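Residue strings, one per chain:
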Amino acid sequence: MYKILEKTQFSEKVFKFRVEAPAMAKHAHAGQFLMVRANECGERVPFTLAGWNADEGWVEFIFMVIGKTTEMLSAYEAGDALRDVTGPLGVPTEMPDGPCAVIGGGVGLAIAFPVAKHLIETGHEVHAIMGARTKDLLLLEDQFRELLDDEHIHITTDDGSYGEQGVVTAPLERLLESKAVTQVFCVGPVPMMKFSTLTAEKYGTPITASLNPIMVDGTGMCGCCRVEVDGKTKFACVDGPDFDATKVDWDDLRARQAAYRTEEGQSLKAYEEGSCACHK
Amino acid sequence: MPQVNGRFVPDMKSPRTPDNEEPAAERACDFRPVDKGFTEEMALAEAERCMDCKKPFCVEGCPVNINIPKFIEQIREKNYGGALDTIREESMLPAICGRVCPQENQCEGKCIRGKKSEPVAIGQLERFVGDQPELASKPAMKPKNGKKVAVVGSGPSGITCAGELARNGFDVTVFEAFFTGGGVLVYGIPEFRLPKAVVKREIDGLEEMGVKFEYNSVVGNIATAEELFDEGFDALYIATGAGLPKFLNVPGENLPNVFFANEYLTRVNLMKANKFPEYDTPTKHGKNVVVFGGGNVAMDAVRTAKRLGAERAIIAYRRTEDEMPARRAELHHAKAEGVEVMPLVSPLEFIAGEDGTVCAVKVQKMELGEPDESGRRRPVPIEGAIEEIPCDVAISAIGTNANPFASKIGGKMELNKWGYIIADEETGQTTDPRIWAGGDIVTGAATVILAMGAGKKAAASITKSLLGE
Ligand SMILES: Cc1cc2nc3c(=O)[nH]c(=O)nc-3n(C[C@H](O)[C@H](O)[C@H](O)COP(=O)(O)OP(=O)(O)OC[C@H]3O[C@@H](n4cnc5c(N)ncnc54)[C@H](O)[C@@H]3O)c2cc1C
Ligand SMILES: Cc1cc2nc3c(=O)[nH]c(=O)nc-3n(C[C@H](O)[C@H](O)[C@H](O)COP(=O)(O)OP(=O)(O)OC[C@H]3O[C@@H](n4cnc5c(N)ncnc54)[C@H](O)[C@@H]3O)c2cc1C
Ligand code: SF4
Ligand code: SF4
Ligand code: FES
Ligand SMILES: [Mg+2]
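Residues numbered from 1 in each chain as written. Chains lettered and ligands numbered in written order. Predicted model: local features only at pLDDT ≥ 70, side-chain atom pairs only at ≥ 80, totals over all residues. Heavy atoms only, no water.

## Notes on the overall build of chain A
Then comes step 1: A tally of regular secondary structure across chain A gives nine helices and 16 strands.
Then comes step 2: The globule rule puts the C-alpha radius of gyration for 280 residues at 19 Å, and the 18 Å found for chain A is close to it.
Then comes step 3: Per-residue burial for chain A yields a buried fraction of 57% across its 280 residues.
Then comes step 4: Taking all contacts inside chain A whose residues are at least 6 apart in sequence as the whole, residues at least 24 apart take part in 65%.
Then comes step 5: Carbon and sulfur atoms make up 48% of the accessible area of chain A, which amounts to about 11,200 Å² in all.
Then comes step 6: Looking at charge distribution, chain A has the averaged site of its 27 positive side-chain charges lying 4 Å from that of its 42 negative ones. (Helix = DSSP H or I, 4+ residues; strand = E, 2+ residues; numbered from the N terminus. Rg over C-alpha atoms; globule rule 2.2 N^0.38 Å. Buried < 20%, exposed > 50% of the residue type's maximum accessible area, 1.4 Å probe, protein only. Contact = heavy atoms within 4.5 Å. Areas by Shrake-Rupley, 256 points an atom, 1.4 Å probe, with all protein chains shown as cover. Lys, Arg positive; Asp, Glu negative; His and termini not counted. Charge placed at Lys NZ, Arg CZ, Asp CG, Glu CD.)

Here it is, written out as structure tokens:
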């Protein structure tokens, strides 16, 4: 069992858990992730490491409620325990020296935040580009603002309810145009990553994408998380999750991410109706 | 027991005692164990069939050379505990190996009675006593020797090594990536063939002996070999299994609802997707399921598909039925449960339907040509003979590559060019004298009994090396 030491609520649907896991804390690196199984009936879901402290023996992850498991997790409180937490998994994020744009869209901001923080801590100048469909779905703005001044934060919403109206490629294009950044990191919905990649390519700027296919074991055993990169099949859990974005087959990823939509709906419905066996 | 002049006379007339199977039509609907195992009466009758050979070929056929005539004699004497002790001299996992060994190629394949009639049902007899572990004598535990060994992986190889070492007085910790122990025995081989309770019993037994289990611990990421040595471990045994699925390398392989067998089986066996939504992990219940491969993994996948409600479940294999590497019993069970076997086909392409998920697979029909190096006739494509099989779930079960963590664990051990660990065949010692390795991560995908045997040999070598005995 892995005890939740602290629960922080950032907004209606965004939470952070600090979990007791001394061995993992000692070996954590930015860009790596954890696999969490909340309880005996739980599924294994990946969450990016958002923080850790080797001396105090904890790791943190930030999650947004979007379906059954995250909904259920949001009901856990400090003092409760998660049945299983495994990690750190995946290859740490590597970025060469130089100013970077870190793009996060939707729930991808939860993944982008620790990466941005890490890059800043390792001496990079960082521009954060934060995208969301609408103002209420914009994650972690305050946290980003703690790290960066206004000039380095670029917010877009699809409906114009906050920041500039439009998509993340507009501020990205400006940054590339003015040569303010020499490399790009992106994570979010497939269309966002795809168009960010096309934009970066136009300027010949290297771009890394953190891919988030569905995972089961997270250790390279099952093949569920396979992605097509540069014409080769790769496993996001052991070869990634970061890949050269210009080489990713986006349609393939998008189709595989959506493979369980029907079942995910069923699962959430069963939970909300209370017919699910292990509530919390 | 019939005797002449005080000597046992085998029963040469009775045919082999048939397996005690659940009716195929009923069992194919759920995950109950297919084979109920011998009753005492059946075991005693079957034991009478063994001729107690002076030169027992069966023993040569067993990869770990269990003294088969001796344990069968003990069964005849109803000394089941004694029989178990005899088996346990060589194998730590009789309840498991009795169920899953490819006996027809091993002990039973060599049994002399198979020449004229049918071989003695050695596997069933082994399982019969293996399932009564309470009768075995408690293994002698050597006093603690103060040395610590880390075992990486809790599959058959790791748990065997851990058990032997604990008995020899070592302080043993098993690190396991998953949240539960058993390796392929729990996530790969389905409940209907190997009940999870049987595996759990072995793990519980080790815990009683003082072996510690650290679950959710991916060695290589959570600690490297050097760090484990720094923490005070004196030796390492690496048994991380094969892992990493092999690809078919045909277009459409990444379409939704095209699975690797490991994923398909893990969802159901480990995550209980058959009980979704009570359990959170979903899976796909295909109506038409095609599985590529001819080994145990393919059989397990296709029979699982049947149990998840497939109307048509097909095994599509490159060669012919006779060449399938699966245990004969599994093939026989699968067919009885309504699985179709489609020999001499190889996949060309998975085709997407309107909704973007797989709807058919195009296959190339083959015929047998000239024999290849292995002496088997090589399948060659029949020009133009291409067929489309409708399917809403397709599963590939054509094998595995080396587990990628072998290279991350570190130490000074060397890997071969395919990523498997190089280890001495007799001792299991790697090129780093503090590290031993065995099971599938050394041999490539093999069998439970070989993985078990490697764990046992390594434990002996580690004991010798650390205690100078
Ligand atoms: C490497 C990686 C890191 C991630 N890091 C974070 C993070 O830091 N914070 C965060 O909020 N989310 C993160 N995610 C996404 C997170 O795993 C999903 O949001 C979560 O699994 C949704 O579960 P659910 O049951 O609530 O929703 P569901 O309704 O079950 O699923 C919603 C969507 O989430 C995705 N998803 C579902 N199951 C899985 C699974 N087993 N593995 C991966 N994706 C799945 C699917 O695309 C699905 O359509 C990460 C994903 C990956 C692959
Ligand atoms: C579906 C299926 C059916 C089979 N049927 C049969 C059969 O009928 N008869 C037969 O004899 N054989 C069968 N086999 C083969 C047999 O199961 C294997 O040969 C055997 O399990 C290998 O044992 P092992 O201990 O080497 O590895 P595994 O059983 O693979 O166990 C390895 C363990 O190590 C863990 N691990 C991996 N990496 C790490 C790490 N870095 N840190 C910590 N832990 C790690 C894994 O999670 C796993 O639990 C089958 C295999 C499969 C997949
Ligand atoms: S371990 Fe396997 S091969 Fe050996 S006797 Fe038992 S069933 Fe036969
Ligand atoms: S070869 Fe057959 S008959 Fe002879 S001892 Fe072995 S099991 Fe008995
Ligand atoms: S999640 Fe299973 S191989 Fe990556
Ligand atoms: Mg879910």
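## A few points about the site of ligand 3
Then comes step 1: The immediate surroundings of ligand 3 are formed by Cys62(B), Pro63(B), Ile66(B), Ile68(B), Cys97(B), Cys101(B), Gln103(B), Gln106(B), Cys107(B), Glu126(B) and Ile449(B).
Then comes step 2: Broken down by class, the residue content of the shell around ligand 3 amounts to eight nonpolar, two polar and one charged. (Near = heavy atom within 4 Å. Nonpolar A, V, L, I, M, F, W, Y, C, P; charged D, E, K, R; others polar.)

## Regarding the site of ligand 2
Residue and element names in this part refer to chain B.
Then comes step 1: Near ligand 2 there are 35 residues, and of these Val100, Glu176, Arg193, Val219 and Asp440 occur at the shortest range.
Then comes step 2: Within the residue set of the shell around ligand 2, elements represented by two or more residues are α10 (156-167), α15 (296-307) and α19 (448-467).
Then comes step 3: Among the elements that make up the shell around ligand 2, the one with the highest residue count is α15 (three residues).
Then comes step 4: Looking at side-chain class alone, the shell around ligand 2 contains 17 nonpolar, 13 polar and five charged residues.
Then comes step 5: Counting residues domain by domain, the shell around ligand 2 receives three or more from each of domain 2 (148-243 + 402-467) and domain 3 (245-399). (Domains from an automatic or database assignment.)

## Structural notes on the pairing of strand β11 (residues 345-352) of chain B
All names here are of chain B.
Then comes step 1: Across seven bridges, the pairing between β11 and strand β12 (residues 358-371) is antiparallel. Looking across to β12, one finds that Ala352 is bridged to Val358.
Then comes step 2: Two successive antiparallel strands, β11 and β12, enclose a turn made up of five residues, where Gly356 displays a positive phi of approximately 85°. (Pairing = 2+ DSSP bridges.)

## A look at the sheet that holds strand β13 (residues 207-210) of chain A
Residue and element names in this part refer to chain A.
Then comes step 1: On the basis of which strands lie adjacent, the open sheet formed by seven strands has the order β11-β10-β9-β8-β12-β13-β16 and mixed pairing. Edge positions in the open sheet fall to β11 (164-165) and β16 (242-244), since each of these has one partner strand only.
Then comes step 2: As paired strands, strand β9 (residues 126-132) and strand β10 (residues 153-157) are joined by five bridges and run parallel to one another. Across the sheet, Met130 pairs through a bridge with Ile155, a residue of β10.

## Some thoughts on the sheet that holds β11(B)
Residue and element names in this part refer to chain B.
Then comes step 1: The antiparallel open sheet is built from three strands, whose spatial order is β11-β12-β13. With partners counted over all chains shown, the strands left at the sheet margins are β11 and β13 (377-390), one partner each. Across the sheet, the mean angle separating the axes of adjacent strands is 20° when strand polarity is ignored. (Axes fitted to C-alpha atoms, helices over the stretch in contact; angles between N-to-C directions.)

## Remarks on the domain arrangement of chain B
Residue and element names in this part refer to chain B.
Then comes step 1: Domain boundaries in chain B define domain 1 (3-135), domain 2 (148-243 + 402-467) and domain 3 (245-399).
Then comes step 2: Each of domain 1 and domain 3 was reduced to a C-alpha centroid, and the two centroids are 32 Å apart.
Then comes step 3: Contacts between the two partners involve 14 residues from domain 1 and, on the opposite side, 14 residues from domain 3.
Then comes step 4: In total, domain 1 and domain 3 occlude about 1,100 Å² of area from one another, counting both sides; carbon and sulfur atoms represent 50% of this.
Then comes step 5: In this structure, the connection of domain 1 to domain 3 is made through one salt bridge.
Then comes step 6: The salt bridge partner of Arg27 is Glu337, with a shortest N-O separation of 2.6 Å.
Then comes step 7: On the surface where domain 1 and domain 3 come into contact, there are ten residue pairs in polar contact (both at pLDDT 80 or more). (Buried area = accessible area lost by both parts, 1.4 Å probe. Salt bridge = Lys/Arg side-chain N within 4 Å of Asp/Glu carboxyl O. Polar contact = N/O pair within 3.5 Å; in protein donor to acceptor, adjacent residues only side chain to side chain.)

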